Amino acid sequence: MRIAVGGIHTECSTYSPVLMTVEDFRVLRGTGLLNAEYFNFLDADGIAHVPLLHARAVPGGPVSRFAYEAFKAEFLEKLQAALPIDGLYLAMHGAINVEGMDDAEGDWISAARAAVGPDCPIAASYDLHGNVSQQIIDQLDIFAAYRTAPHIDVRETMVRAWSMLVETLKTGSRPGIAFAKVPLLLPGECTSTEHEPARSIYLRLPAFDAKPGILDANLMIGYVWADEPRATACAVVTGTDRQAALQAAEAIAQQYWNARDNFKFGPVTGPLDEMLDRAAAAGTSPVILADSADNPTGGGVGDRADVLRALIARNWRGALVAGITDRPAVEACFVAGEGATIALRIGGSLDPSSRPAQVTAVVLRLDGGDAAADRQAVIGIDGIEVVISARRRPYHNLEDFRRLGLDPKTVRLLVVKSGYLSPELAPIANPNLMALTDGVVNQDIANLTSHRRTWPVFPFDRDFAFAPEAALSARWRE
C-alpha cells in the first residue's frame, strides 16, 4: 500500500503589512521530506511512503497569492504523478491566510480530494491554533491536532494522524469526522495548556479517545489575529461511531464555552513600563521579558525596537535583546566588521508603523557567512547586547544563543519576542514577565479591527447565548 505525504504549514496575521513570499518557506521534497526530522517516523510494514511537497514558514503576514499557487501547483503535479495511492497524509497548520482567499487550507485540501477521488482516505494533522471550516472537514476522513501550547507534541500529533490512516488502510475501516464550532476566540497567551483552565480541558481529551467509537478528540483554539469568516474555536472528533463522535464534539465544545471567563495570562503581565519596573526591582536573574505583540512565532513582524528604546532611555545595564529583524542593519555590521563602532538605525525595516532606534553600536559578533538572508549580528550598545537578524525568526531555543557565543542564563535581563515562553526558556526564567506591547499580534483582542469575522464571537461580543450543535462531515453523512 502507498501513502503520499505533503502539505503546507504556517500562520498568518491579517494585521501584518509584510507579505510572505516563496523565499520565506522551507520546502521539503523527495527523500529530503522523508528524512526530515518531522517526518522520519513514516515507517510501517507493508506501507510505501511517497513524498510530495511540504512547505513550512515562520508565521508572519498573509502569503502572496503567487507563492501559494506555486506551491499548490507543484504539490498537485507530484500528487497526480504518484497516483494511484491508497492514502494521503497532509501535515498542515490551519491558520494560513492567502491574499484574496478566505480558506486556503480548504482550497488545498479540496484540490487534493479532487485529485485522489472519493475512495482514498485523507488524514490531516493540525496546530491547535488553526482555523477549521466546513470545507476542510468535508474533505477529510481523519483529523488530529496538537494538545499542548507551547507545542511539545508536534511529532506525537503527526504520528496520531498517520497511525489512524495506516490502521484504516490495514483494517478497511472508514472513520469520519464530527465537529462543533464554538463562538470563542482567545489568544494563545491566555489559553496555554501550562495553565488552567486549558490544562484541565486538554488533559480530559484522552478520556474521550477511550470511549467506544472515538479515535481522536481535539479542541481547536483557533487563530484570533486573522480577521476572516472561518476564525473560531471548535471541537473536532475523529471516530467510527457517528453518534458517539457528535456527542463527544458537543461535550468538548461545551466545556470550552463554560470556561470562557476563566482564561487569563500565565506569567506576570502588564504594560511595558510596569514590566521594566518589575525587572529593575528583581533581585534574581535572568529576568525574561516577552515582547508579546511582535512575536514571530505568532505572526508578528519581529522588527519593532520599542523595548530596546525603553531600555536605552532607562540607561539599563546587563540586558540581552534577542532579536530584532533588520536586514539593512545586519548588512551594515558585516561591512564594518567585528570590533567596529558604527551608527545604526535598528527596527522599522519591515513595518512602517514600527519606530526605529538610532544608536551607536559596537559590532561584537557576526554569523552567517555568505548567505545574506541567514546572517545575524550581535552588537553592544552601552551595556545592552542586541541580536539582529536578516531574516524574520525567533530566539526561543538555547542553541540560538550558543551559536552566537551567548549564554542567556548569565544575563540580568533577557528580552525575547514571544508570548508564552518556549519550553527551553521557561525553566530558566527568574521571573517570567510578559509585556503588553504594540504590534500585529497584540493582546488587546476585544479592540482588534474586525470587518470579516462571523458574529457573534466572544470576547468581541459578550451578551449572547450559545449551545453547541455538532455536525458530521459531508463524507460521513453520505
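Our subject is the structure listed above.
Residues numbered from 1 in each chain as written. Predicted model: local features only at pLDDT ≥ 70, side-chain atom pairs only at ≥ 80, totals over all residues. Heavy atoms only, no water.

## A look at the overall build of the protein chain
A tally of regular secondary structure across the protein chain gives 13 helices and 19 strands. Against the globule reference of 23 Å for 478 residues, the protein chain gives a C-alpha radius of gyration of 23 Å, in line with a compact fold. C-alpha extents for the protein chain along the principal axes are approximately 70 × 50 × 40 Å. Taken over 478 residues, the protein chain has a buried fraction of 61%. (Helix = DSSP H or I, 4+ residues; strand = E, 2+ residues; numbered from the N terminus. Rg over C-alpha atoms; globule rule 2.2 N^0.38 Å. Buried < 20%, exposed > 50% of the residue type's maximum accessible area, 1.4 Å probe, protein only.)

## Observations regarding the side chain of Thr238
Inspection of the secondary structure puts Thr238 in strand β9 (residues 233-239). Reaching out from Thr238, the side chain makes a polar contact with the backbone oxygen of Phe143 at a distance of 2.9 Å. (Polar contact = N/O pair within 3.5 Å; in protein donor to acceptor, adjacent residues only side chain to side chain.)

## Digging into the packing of aromatic side chains
Taken as a whole and assessed by the stated rule, the structure comprises 12 aromatic pairs. Measuring from ring centre to ring centre gives 6.4 Å for Trp257 and Phe458, while their planes differ by 75 degrees; the resulting arrangement is edge-to-face. Within this pair, whereas Trp257 is found in helix α8 (residues 242-258), its partner Phe458 is found in the loop between β18 (432-435) and β19 (471-472), the two being separated by 201 residues in sequence. Accessibility assignment for this pair places Trp257 and Phe458 in one class, buried. One aromatic cluster is present, formed by Trp257, Phe458, Phe464 and Phe466 through successive ring pairs. (Phe/Tyr/Trp six-rings, centres within 6.5 Å; stacked < 30°, edge-to-face > 60°.)

## Here we look at the pattern of salt bridges
For the structure on display, the rule yields 25 salt bridges. When the shortest N-O distance is used, the salt bridge between Asp107 and Lys72 registers 2.9 Å. Taken together, the residues span a long stretch of sequence, with Asp107 in helix α3 (residues 104-116) and Lys72 in helix α2 (residues 65-82) at a distance of 35 residues. Judged by its relative accessible area of 22%, Asp107 is partly exposed. A single network of salt bridges, built from pairs that share partners, joins Asp103, Glu105, Glu228 and Arg230. (Salt bridge = Lys/Arg side-chain N within 4 Å of Asp/Glu carboxyl O.)

## Points about empty space enclosed by the protein
A water-sized probe, rolled over the atoms, reveals where empty space remains. Under the defined criterion, the tally for this structure stands at 3 cavities of 30 Å³ or more. When its volume is computed, the largest cavity comes out at roughly 60 Å³. Surrounding the largest cavity, 13 residues form its lining, Asp291, Val307, Val321, Val415 and Lys417 being those nearest its centre. For the lining of the largest cavity, the element with the highest residue contribution is strand β12 (residues 319-325), accounting for 4 residues. Taken together, the residues that form the lining of the largest cavity break down as 8 nonpolar, 1 polar and 4 charged. (1 Å grid on protein atoms, 1.4 Å probe; cavity = no way out; pocket = protein on both sides within 12 Å on 5 of 7 lines; lining within 4 Å. Points joined across faces, edges and corners; volume = space filled by probe spheres on them. Nonpolar A, V, L, I, M, F, W, Y, C, P; charged D, E, K, R; others polar.)

## Remarks on unusual backbone geometry
For residues other than glycine, phi is negative in most cases, and the peptide bonds are mostly trans. Between Leu83 and Pro84 the backbone carries a cis peptide bond, its omega angle lying at 0 degrees. Of note, Pro84 is situated in the loop between α2 and β4 (87-91). Here the bond from Asn430 into Pro431 is cis, since omega is 5 degrees, no more than 30 degrees from zero. Turning to its location among the elements, Pro431 is positioned in the loop between β17 (413-416) and β18. Despite not being glycine, Asn315 has its phi angle at roughly 55 degrees, a positive value. Checked against the element boundaries, Asn315 lands in the loop between α10 (306-313) and β12. A relative accessible area of 56% means that Asn315 is categorised as exposed. With a phi close to 50 degrees, Asp382 is a non-glycine residue in the positive phi region.

## Some thoughts on the sheet that holds β19
If you walk across this open sheet you meet the 4 strands as β8-β9-β7-β19, and the pairing is antiparallel. Taken across any chain shown, the strands that pair with only one partner, and hence form the sheet edges, are β8 (214-220) and β19. Pairing between strand β7 (residues 176-182) and β19: 2 bridges, direction antiparallel. Note on β19: the bridge partner recorded for Phe179 is Ala471. With respect to the sheet, α8 is in contact with β7, β8, β9 and β19, its orientation differing from that of β7 by roughly 25 degrees. (Pairing = 2+ DSSP bridges. Contact = heavy atoms within 4.5 Å. Axes fitted to C-alpha atoms, helices over the stretch in contact; angles between N-to-C directions.)

## A closer look at the sheet that holds strand β13 (residues 341-346)
In spatial order, the strands read β10-β18-β11-β17-β12-β16-β15-β14-β13; together these 9 strands make up an open sheet with mixed pairing. Here the strands that pair on one side only, and so sit at the sheet edges, are β10 (268-270) and β13. Between one strand axis and the next, the sheet turns through 30 degrees on average, direction left out of account. In this structure, β12 lies alongside β17, joined through 4 bridges in parallel fashion.

## Thoughts on the pairing of β12
Among the 7 residues in β12, 7 count as buried, and that is most of the element. As paired strands, β12 and strand β16 (residues 384-389) are joined by 6 bridges and run parallel to one another. Counted as the bridge partner of Val321 is Val386 from β16.

## Focus on the state of the cysteines
By the definition in use, this model includes 0 disulfides. Of the cysteine sulfurs around Cys190, a residue in no disulfide, the closest is that of Cys234, at 19 Å. Judged by relative accessible area, which is 12%, Cys190 ranks as buried. Lacking any disulfide linkage, Cys234 is separated from the closest cysteine sulfur, that of Cys12, by 18 Å. The buried category is assigned to Cys234, whose relative accessible area is 1%. (Disulfide = S-S within 2.5 Å.)

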